[in-house]
Structure formats: C-alpha cells, structure tokens
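Coordinate inspection notes
Listed here are the chains, written in short residue letters.
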Amino acid sequence: MGSDSEIEKSAQKERENKKLLALAPIAKPLAGKKLSKRTLKLVRRAAEHKCLKRGVKEVVKSIRRGNKGVCVIAGNISPIDVITHVPVLCEEANIPYIYVSSKEDLANAGATKRPTCCVLVQTKPAKGELGQEELEKLKGEYDQVSSDITELANSLF
C-alpha cells in the first residue's frame with residue numbers, strides 16, 4: 001500500500017509524461033524545468049503589469065510593428081501550422097523565443113482562462129507608466145530569462 005503522497009507524485013509524473021508526448025517536433029529550443037518555471041514567472045509578472053501580448057495574431061502584429069520582447073510559445077499546439085511562422089518572424093527581428101511544454105500552463109501564467117498559443121513579453125506596458133521599482137524588477141527578470149534563452153538557443157543551433 002502506497003501513501004497518498006506517492007500516489008500524487010505518480011499522477012504528477014504521468015501528467016508531465018503526457019505533456020511531453022503531446023509536444024510538436026518543431027518545439028526547439030524547449031525550456032527545461034527550471035527555465036520553464038522562471039519563464040512562466042516572468043509571463044505572470046508581465047501580465048500583472050500589462051506588458052504582455054497574447055495570441056498569435058497580437059504577437060505577429062507586435063513583431064511586425066518592431067516591438068521587442070521575449071516570445072514564449074506553447075509546444076503542444078495542434079495543428080502545428082498555427083504557429084510555425086512565429087519562430088521565423090522572431091529570428092528575423094532578433095527576438096529571443098522559447099517553447100514551453102503546455103498551452104494551459106502558459107495561459108495560467110498569462111492570467112487567462114483560455115489556452116494560449118504564444119505570448120510576447122515586453123518591458124514597457126502598452127498604456128500608462130510603471131513605477132521605477134516595478135520597472136527595474138521586471139527588467140531584471142526579463143534580462144535574466146532573455147540571456148538564458150539566448151544561451152540555450154546558441155547551444156542548440
């Protein structure tokens with residue numbers, strides 16, 4: 001007989017395995033556990049400060065207009081054709097991008113109930129101003145995640 005915590009742990013592992021099986025073959029560079037957690041934390045903080053663009057249409061529009069940021073893409077999108085052009089746009093605009101394992105986790109971090117394909121984290125809010133302290137905190141997290149993503153991408157390609 002196993003304890004409740006062992007059952008919960010095995011259920012958690014099973015859910016993580018299902019997430020990994022649902023990943024698209026083009027989901028590279030894929031964030032590891034630690035980087036994924038840090039990236040989703042950045043998305044959460046950006047959503048609080050209104051520095052986030054959600055969805056393929058908004059992200060593509062922002063990139064084409066020349067806005068900079070970090071693009072976070074969900075790896076378990078089906079059909080994959082919906083997001084295949086986003087990494088190409090990001091590379092042309094020199095925007096770092098990373099894949100996370102699930103669209104549900106990305107939506108939770110982005111403060112929406114609907115699963116989200118991709119988000120663009122910006123350092124400046126769309127409207128209004130941020131306080132100096134919050135801006136520095138967000139910028140620090142942004143720089144940390146951005147450098148980690150660039151480092152991971154350089155090691156892969």
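Each value, and the rule that gives it
- Residues numbered from 1 in each chain as written.
- Predicted model: local features only at pLDDT ≥ 70, side-chain atom pairs only at ≥ 80, totals over all residues.
- Heavy atoms only, no water.
- UniProt positions renumbered as here; feature names shortened; annotations may be inferred.
- Axes fitted to C-alpha atoms, helices over the stretch in contact; angles between N-to-C directions.
- Helix = DSSP H or I, 4+ residues; strand = E, 2+ residues; numbered from the N terminus.
- Left-handed = near helix turned anticlockwise from the far one by under 90°.
- Contact = heavy atoms within 4.5 Å.
- Nonpolar A, V, L, I, M, F, W, Y, C, P; charged D, E, K, R; others polar.

Under an unreviewed UniProt entry, the name given to the protein is H/ACA ribonucleoprotein complex subunit 2, and the organism recorded is Penstemon davidsonii. Check the Sequence similarities (unreviewed entry) section of the UniProt entry for the protein; it says "Belongs to the eukaryotic ribosomal protein eL8 family." Of the comments in the UniProt record for the protein, the one headed Subcellular location (unreviewed entry) reads "Nucleus, Nucleolus".

**What about the packing of helix H2 (residues 33-48) against helix H6 (residues 132-156)?**
In the contact formed by H2 and H6, the axes pass within 10 Å of each other and the chain directions differ by 145°. Seen along the crossing, H2 lies across H6 with a hand that is left-handed. Along the contact surface, H2 presents Leu35, Arg38, Thr39, Lys41, Leu42, Arg45 and Ala46, while H6 presents Lys137, Leu138, Glu141, Tyr142, Gln144, Val145, Asp148 and Leu152. Residues of the contact of H2 with H6, tallied by class, amount to seven nonpolar, two polar and six charged.

**So, unusual backbone geometry**
The step from lysine 28 to proline 29 runs through a cis peptide bond, and the omega angle for that step is 5°. Of the consecutive residues serine 78 and proline 79, the connecting peptide bond is found in the cis state with omega at -5°. Of note, proline 79 is situated in the loop between strand S2 (70-74) and helix H4 (86-92).

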